[in-house]
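Structure at a glance
Spelled out, the chains give:
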Amino acid sequence: LAAAVSPGEIVARVLAAGPGGYAVSYAWAGAMAVIVPIDPVDAVITATCTAFLVFIGVVIRAFSVASVQRLFGEIVGATLLLGGLALVFRA
Amino acid sequence: MKESFTRSMAWLHTWIGLLFGWVLFGVLLTGTLAVFYSAITLWAMPEIRTDTHPDRARTLAIARDYLEHNAAGAQQWRIVIPTPREPALRLVWTQPDGRSTTRQLDPETGALIARQTDGGLFFLAYHATLGINRHINPTGHLIVGAAGLAMLVACISGIVIHKRIFRDFFVFRPRAARQRAWMDTHNMLSVLPLPFHMMMAYTGLVLLYYAYIPAGVTMLYAGDTDAYLRAASQAEYREPQTAPGNFRPTVSLSPLVDRAEKAWGGGPAVNIYVSHPNHADAAVEIWRWRDDRISNYPDRIAFDGTTGSMVRPLLRRSAGRQTQSILAGVHFIEWGGNTARWLYFLCGLMSCAMVAAALILFVAKRERKPVAHPAFFRMVRSLNVAAIAGNMVACIAFFWAERLISPEIAGRKALVETYFFAAWLVCLVHAGLRPDRRAWIEQLALAGLLCLGLPLLGGHVGRSLPHLLATGDWTRAAVELTAMVIGAVLLAISVRLALIERLSAQDAR
């Protein structure tokens, strides 16, 4: 990110990192909790404590991917994929 | 590509560090103080005697008698057996509507200690939630969680950009002496304790994982956090809403404690929980102390309260629960004694200084060049003073309030906390009104003087520093001596800043 980045792009990346990062890690935690076949409490702990690492990954990615469009594509895609997996495995 | 990644990480490191640094400094400072929360509470309650050697059976009889007379209708009693770290007998009872009351008694005489205070627990609460009860309003708790996450992001982006900085390390830049000094300070404080910074930021999130990202609870427990926590803790609680059975006296507690200690194979019991006391479905759960284990989750033995038969020993837990409780325990540090606590305290001070150096570096880097947004830059300078020096003034003001506010006053806890927040607000206004350098000098001097002067108030409650030292009351004496050392350092920094300012004013003339 050079010094001459437009304010709009910064807002977009902050939205991707904050709410976007939360969406992906929330979907990750929900999916892992139902996919990992262990004691439910252990599953929640494992799913949530790895979700923090996913969140960190998304924040770093949000400020390093060159294209903002691609960034949002990745975030929406990952959230839908993980959210879908969560619903499929719960059923 | 690699070059641009490093540049974006530098940008991210700067801005996430600046915005969260203002919150983080206070969180880290109160967290550092909270390492010694039990010592601070003891210091804040001069009525507690530290030279007691209570007979446990008699202490339990005192506790039972007090609860029978004052908390007969409670849904749950909690008795905290005195230890050298917390030498008072602490009783907590919860009403069916969820309200809880805490009382401390002398473990030998049973005399009530009237003073109401949170003491060190205030710093714990500010560290975890900015002092806002998360069950009423989760905002503070979520801000701290975001700050923890931001700290991890700052650590990782800092490592990425450090490769370049390492090369610059050997470049001598005399013209940028001030900026370079702050950069070197920040690097040293960041790199040496890096494992501590990252471990504490991550384990802080693990401590209350389910409250930050509740997706797992939503999926597997239909969003019922209470049900999840019962399953996770495997507690033998009785639901507040379930009607207790008929009146049946609960068995004597002292023999249960002895049996519990035998069942888990040694190590003292500290907590006794009695659910539905003196009713047919009473349950007694006894917890082992955790000062000699890293895990945040103590061994527990549950008894039937009416018959006294052992319902369940809980000594081994699933791998996930155990991992979480060890990570949480690494953060919470009830283990390791004073050696470990001092190490954590010193590492914590380094974390605070790392953030402070970073915030100051942000200004030092830009103050010689023309800035794009002067109003924003001016705000950054004022906020830096309030976030760093103002926070220190607020913390020491809390200590002063503990000594100055009389123990009988109603609503004392809230009043003491008000001193903290009021002192901080005054510092924020002061930082906005005064020239930047003067604000630093004045607030650091104030924090330093208040720290140095803390022992002046001890005589007022019959615990003067010479008396503490003469009677071997090391815990309370250490609180005041540590405050004095910190105060001397802060005052020295303030005086140095004032001298530099005077010299540069002479140069200008």
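A brief report on the enclosed structure follows. Just so we're clear, the structure is a prediction, and the values are computed from it rather than from any experiment.

Conventions adopted
For every chain, the first residue of the written sequence is number 1, and numbering continues from 1 onward in sequence order. Chains carry letters and ligands carry numbers; both start at the beginning, A for chains and 1 for ligands, and go up in the order they are written. Confidence filtering applies because this is a predicted model: local features only for residues at pLDDT of at least 70, side-chain atom pairs given and counted only at 80 or more, and all residues used for totals across whole chains, interfaces and linings. Heavy atoms throughout the structure, all of them, feed into the side-chain values; hydrogens and water do not. The contact criterion used throughout is that any non-hydrogen atoms of two residues lie within 4.5 Å. Once two parts are put together, the accessible area they lose, assessed with a 1.4 Å probe and summed over both, is termed the buried area. Salt bridge criterion: a side-chain nitrogen from Lys or Arg within 4 Å of a carboxyl oxygen from Asp or Glu. Exposure categories follow from relative accessible area, calculated using a 1.4 Å probe and restricted to protein chains: below 20% of the type maximum is buried, above 50% is exposed, and the middle band is partly exposed. Per the convention used, a helix needs a DSSP run of H or I reaching at least four residues, while a strand needs a run of E reaching at least two, with both numbered from the N terminus. DSSP-based pairing: two strands are paired if at least 2 bridges between them are found. In summary, the pairing rule links any two rings of Phe, Tyr or Trp, Trp by its six-membered ring, whose centres are within 6.5 Å, and it sorts them by plane angle into stacked for under 30 degrees, edge-to-face for over 60 and tilted for everything else. Expected span of a helix, by definition, is 1.5 Å for each gap between consecutive residues, and there is one gap fewer than residues. What qualifies as a polar contact is a pair of N or O atoms within 3.5 Å, subject to a donor-acceptor requirement within protein and to the restriction that residues adjacent in sequence count only when both atoms come from side chains.

Interface size is commonly expressed as the accessible area that is lost once the parts come together. Taken residue by residue, the interface counts 35 residues in chain B and 32 residues in chain A. Taking both partners together, chain B and chain A bury about 2,900 Å²; carbon and sulfur atoms supply 79% of that area. Three residues, B:Trp11, B:Ile213 and B:Met219, lead the burial of chain B against chain A; their summed loss comes to 25% of the area buried on that side. In this structure, the connection of chain B to chain A is made through one salt bridge.

Attention shifts here to the pairing of strand β7 (residues 300-304) of chain B. All names here are of chain B. Counted residue by residue, β7 has four buried out of five residues, so it is predominantly covered. Two elements, strand β6 (residues 283-288) and β7, share five bridges in a ladder whose sense is antiparallel. From the neighbouring strand, Ile286 faces β7, where its bridge partner is Ile301. As paired strands, β7 and strand β8 (residues 310-314) are joined by four bridges and run antiparallel to one another. By the bridge assignment, Arg300 is partnered in β8 with Leu314. Here β7 hands over to β8 after five residues, with Gly308 in that stretch at a positive phi of 80°.

This part takes up the packing of aromatic side chains. Residues and elements named next belong to chain B. Per the counting criterion, the structure on display carries 32 aromatic pairs over all chains. With 6.2 Å between their ring centres and 45° between their planes, Tyr126 and Phe421 make a pair best called tilted. Here Tyr126 is found in helix α4 (residues 120-129), whereas its partner Phe421 is found in helix α15 (residues 412-433), with 295 residues between them in sequence. Residue classification places Tyr126 among the buried positions, given a relative accessible area of 3%. On the accessibility criterion, Phe421 (34% relative accessible area) is partly exposed. Ring centres of Tyr126 and Trp424 lie 6.4 Å apart, and the angle between their planes is 70°; on these two criteria the pair is classed as edge-to-face. Of this pair, Tyr126 sits in helix α4 while Trp424 sits in helix α15, and the two are 298 residues apart along the sequence.

All names here are of chain B. A positive phi is found at Asn278, a non-glycine position, where the angle reads about 60°. In this structure, Asn278 sits in the loop between β5 (269-275) and β6. Unusually for a residue other than glycine, Ile333 sits at a positive phi of about 40°. Relative to the assigned elements, Ile333 resides in the loop between α12 (319-332) and α13 (337-366).

Right, let's get into the sheet that holds β7(B). Residue and element names in this part refer to chain B. Read from one edge of the open sheet, eight strands run β4-β3-β2-β1-β5-β6-β7-β8, paired in antiparallel fashion. Pairing within the sheet leaves two strands with one partner each, and these edge strands are β4 (112-113) and β8. Here strand β1 (residues 76-80) pairs with β5 via five bridges, running antiparallel. By the bridge assignment for β5, Arg78 is matched with Tyr273.

What follows covers helix α3 (residues 68-90) of chain A. When the terminal C-alpha atoms of α3(A) are compared, their 33 Å separation across 23 residues agrees well with the 33 Å that a helix rising 1.5 Å per residue should span. Those residues of α3(A) not exposed but buried are A:Leu71, A:Ile75, A:Leu82 and A:Ala86. Buried-residue contacts for α3(A) involve α1 (7-35) and α2 (40-62) of chain A together with α9 (215-221) of chain B. Two or three places before A:Gln69, at the opening of α3(A), A:Ser67 has a side-chain oxygen 3.3 Å from that residue's backbone nitrogen.

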